[in-house]
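Observations on the three-dimensional arrangement
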Amino acid sequence: MTGVSAAAEHTRTVVVGITGGIAAYKAVGVVRDLVTRGHDVHVVPTEGALRFVGLPTLEALSRNPVTTSVWDDVAEVRHVALGRRADLVVIAPATADALARMAAGLAGDLLGTTLLATEAPVVVAPAMHPQMWEHPATRANVETLRARGVRFVGPVVGALTGDDAGIGRMSEPRDIVEAALAVLDQPDRPDDAGLTTGAAPSLPSGDLRGVRVLVTAGGTREPVDPVRFVGNRSSGRQGVAFAADAAARGAAVTLVAANVDAGLTADLGVEVVPVGSALELADAVRAAAEDADVVVMTAAVADYRPTEVHAEKLKKDAQGDHLTLELVRNPDVLAELVANRRSGQIIVGFAAETEPDRAARIALGRAKIARKPADLLVVNHVGWSSGFEREENAIEVLSPGGEVVRETSGTKAEVAAAVLDLVATALA
Ligand code: CTP
């Protein structure tokens, strides 16, 4: 009761679009929850949705007339009126077909026209089988919609229709409602750590709730003397995006940050362990990995460090025209983690490769995961003008057997979300 009266002070007009999947029966819970919280709810089901849930149920629960057709209330220009009046549009469930229609801007029914007529935030809760969710066509549609500002809640890993389980289950009605209303409370919510280029990040799906995730980010600096180091161009943005997305999914996150700009980690709300060199990173990771359920090794760890670290600044007068630095191998932290992996622990490695040819790059990745058998290896195309210090990334994800299980490009937040979907599936 308290929830009703408190929320009723901020009554919003919410359009709930229901599309034709078995999870439509759970959308009834979304409608009911929104009405209970005092909102003015208008349900727009597709014809397919009405095969799963009855129109009278939706009218009774929403306390408003329900129609699927643009030919009803023509004088009122219903599709435009609804879209204009809406403070928020929630699509639950969103089938693969619904996402494709939204991405294409199709307006063949009342839901399609309403979506084109609205300027309100749109939150979608996808529900489909894992193969459909992972299909490149669906991935492309999701990326298009995210880039347009559509927010996603879920899908989560769980039981699906039939005997199978995996990524694709619709989030629980309460999680959908809370995530959707949170968008209204924070219309200017920055995307993951302010790193992306306007694309909407995942909303908390809760699929890593209670999971302890260790992420390494940045690039190590191997000291030469008190003022110089041997380093690399990694900014830490990809690792920060992993930490942000894992935290948004409910994980307890430790971020071992190698020389990452403090501004990037300041508002993450995760435990940050700053480190400098590869040896420091190795120590921090060894300590934190003991408790971690998942380790994501995005950090660019130097393979070598100067054999000798000079206590005083090297003077060129003492060196002459040539200076030779002798380097020694650093411990391979990922290889150590894999060798000491606890049962059930998921380890994700990264392979930064400059090879432009996809097949050749994947072959390099296959050799790497054979050498260091992580649970997933994210092959990352880097170069003078790609990968580093940028907001976008392009990846192929390999399984221990060398199969490409995911391929995507987009903002670093989107890349992190794609990989963490696979991690959540693996944990399940
Ligand atoms: N890594 C690590 N410790 C190192 C070097 C790398 O833990 N000393 C980790 C990185 O964090 C990354 C993965 O290993 O997750 C891949 O590192 P990379 O240097 O790209 O691959 P290598 O196996 O060292 O192969 P190569 O140098 O031939 O590219």
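As shown above, the structure is provided for reference.
What comes next concerns the included structure. (Residues numbered from 1 in each chain as written. Predicted model: local features only at pLDDT ≥ 70, side-chain atom pairs only at ≥ 80, totals over all residues. Heavy atoms only, no water.)

1. Structural notes on the overall build of the protein
Looking only at helices and strands, the protein features 16 helices and 20 strands. Here the protein holds 428 residues, and the buried ones make up 52% of them. Taking contacts inside the protein between residues at least 6 apart in sequence as the whole, the part at least 24 apart equals 72%. Just so you have it, the protein exposes about 19,300 Å², and 52% of that area is on carbon and sulfur atoms. (Helix = DSSP H or I, 4+ residues; strand = E, 2+ residues; numbered from the N terminus. Buried < 20%, exposed > 50% of the residue type's maximum accessible area, 1.4 Å probe, protein only. Contact = heavy atoms within 4.5 Å. Areas by Shrake-Rupley, 256 points an atom, 1.4 Å probe, with all protein chains shown as cover.)

2. Examining the packing of aromatic side chains
Using the criterion set out here, one finds one aromatic pair in the structure. Each ring, one from phenylalanine 242 and one from phenylalanine 350, has its centre 5.8 Å from the other, and the planes form 90°; the classification is edge-to-face. Of the two residues, phenylalanine 242 sits in helix 10 (residues 237–248) while phenylalanine 350 sits in strand 17 (residues 346–353), which places them 108 residues apart along the sequence. Residue classification places phenylalanine 242 among the buried positions, given a relative accessible area of 1%. Looking at arginine 139, its charged tip hangs above the ring of tryptophan 133, at a distance of 4.5 Å from the centre. (Phe/Tyr/Trp six-rings, centres within 6.5 Å; stacked < 30°, edge-to-face > 60°. Lys NZ or Arg CZ within 6 Å of the ring centre and 35° of its normal.)

3. A word on the nonpolar core
In this structure, Val213, Phe242, Val253, Leu255, Val348 and Val419 are the most contacted members of the largest nonpolar core, which totals 35 residues. Mapped by element, the contributors of at least two residues to this core are strand 9 (212–218), helix 10, strand 12 (252–258), strand 14 (294–297), strand 17, strand 18 (376–381), strand 19 (392–398) and helix 16 (412–427). In terms of residues, this core owes the most to one element, helix 16, which gives seven residues. Those residues in contact with valine 348 that sit more than four places away from it in its chain are Val295, Val296, Met297, Leu376, Val378, Val419 and Val423. The next biggest cluster of nonpolar side chains, apart from the first, holds 33 residues, and it includes Ala27, Val41, Val90 and Val183. (Core = buried A, V, L, I, M, F, W, Y, C linked by side-chain atoms within 4.5 Å.)

4. A few points about the site of the ligand
Lining the immediate environment of the ligand, one finds 15 residues, of which Met297, Ala299, Leu334, Phe350 and Lys368 sit closest. With respect to the ligand, the backbone of alanine 299 contributes an N or O atom lying 2.7 Å from an oxygen atom. Between phenylalanine 350 and the ligand, the recorded distance is 2.9 Å, taken from a backbone N or O atom to an oxygen atom. Using a 2 Å cut-off from the grid points, one finds that the ligand occupies the largest pocket. (Near = heavy atom within 4 Å. Polar contact = N/O pair within 3.5 Å; in protein donor to acceptor, adjacent residues only side chain to side chain. 1 Å grid on protein atoms, 1.4 Å probe; cavity = no way out; pocket = protein on both sides within 12 Å on 5 of 7 lines; lining within 4 Å. Sits in = over half its atoms within 2 Å of the grid points.)

5. Section: the sheet that holds strand 13 (residues 271–275)
Taken in spatial order, the eight strands line up as 13-12-9-14-17-18-19-20 in an open sheet, and their pairing is mixed. What marks the edges here is a single partner per strand, and that holds for strand 13 and strand 20 (404–411). Within this sheet the neighbouring strands show an average axis-to-axis angle of 15°, counted without direction. In this structure, strand 18 lies alongside strand 19, joined through four bridges in antiparallel fashion. (Pairing = 2+ DSSP bridges. Axes fitted to C-alpha atoms, helices over the stretch in contact; angles between N-to-C directions.)

6. As for helix 12 (residues 278–289)
Residues lying three or four places apart along an α-helix face the same way, a consequence of the helix completing one turn every 3.6 residues. In this model helix 12 runs 16 Å from its N-terminal to its C-terminal C-alpha over twelve residues, within 8% of the 16 Å that 1.5 Å per residue would give. Residues of helix 12 that are buried include every one of Ala278, Leu281, Ala282, Ala284, Val285 and Ala289, and no others. Against the buried residues of helix 12 lie strand 9, strand 10 (222–225), strand 12, strand 13, strand 14 and helix 14 (333–339). (Expected span 1.5 Å × (residues − 1).)

7. Topic: a nonpolar patch on the surface
Where nonpolar side chains cluster on the molecular surface, the patch consists of Tyr304, Leu323, Leu325 and Leu327 and spans about 350 Å² of accessible area. With respect to the helices and strands, the residue leucine 327 is situated in strand 16 (residues 327–329). (Patch = residues over 30% accessible without salt bridge, like charges linked within 9 Å, V, L, I, M, F, W, Y side chains within 5 Å. Salt bridge = Lys/Arg side-chain N within 4 Å of Asp/Glu carboxyl O.)

8. Description of the packing of helix 5 (residues 96–104) against helix 8 (residues 136–147)
Two packed helices can be described by the angle between their axes and the distance between those axes. Contact pair helix 5 / helix 8: the axes reach a minimum separation of 9 Å and the direction vectors enclose 50°. The angle between helix 5 and helix 8 falls in the class oblique. The two elements helix 5 and helix 8 meet at a crossing, and its hand is left-handed. Only Thr138, Asn141, Val142, Thr144 and Leu145 of helix 8 make contact with helix 5, whose side of the interface consists of Ala96, Leu99, Ala100, Met102 and Ala103. Grouping the constituent residues of the contact of helix 5 with helix 8 by class yields seven nonpolar, three polar and no charged. (Parallel < 35°, antiparallel > 145°, perpendicular 65-115°, else oblique. Left-handed = near helix turned anticlockwise from the far one by under 90°. Nonpolar A, V, L, I, M, F, W, Y, C, P; charged D, E, K, R; others polar.)

9. A look at the pattern of salt bridges
If you walk through the whole model with that rule in mind, you get 20 salt bridges. Across the pair aspartate 97 and arginine 101 runs a salt bridge whose closest N-O atoms are separated by 2.9 Å. With a gap of four residues between them, aspartate 97 and arginine 101 both fall in helix 5, about one helical turn apart. Taking the shortest distance from any N to any O, the salt bridge between aspartate 293 and arginine 342 comes out at 3.9 Å.

10. What to know about the layout of surface pockets
Approximately 950 Å³ is the volume attributed to the largest pocket. Elements with a contribution of two residues or more to the lining of the largest pocket: helix 10, helix 14, strand 17, helix 15 (358–371) and strand 18. Class assignment of the residues belonging to the lining of the largest pocket gives a composition of 15 nonpolar, 14 polar and ten charged. (Points joined across faces, edges and corners; volume = space filled by probe spheres on them.)

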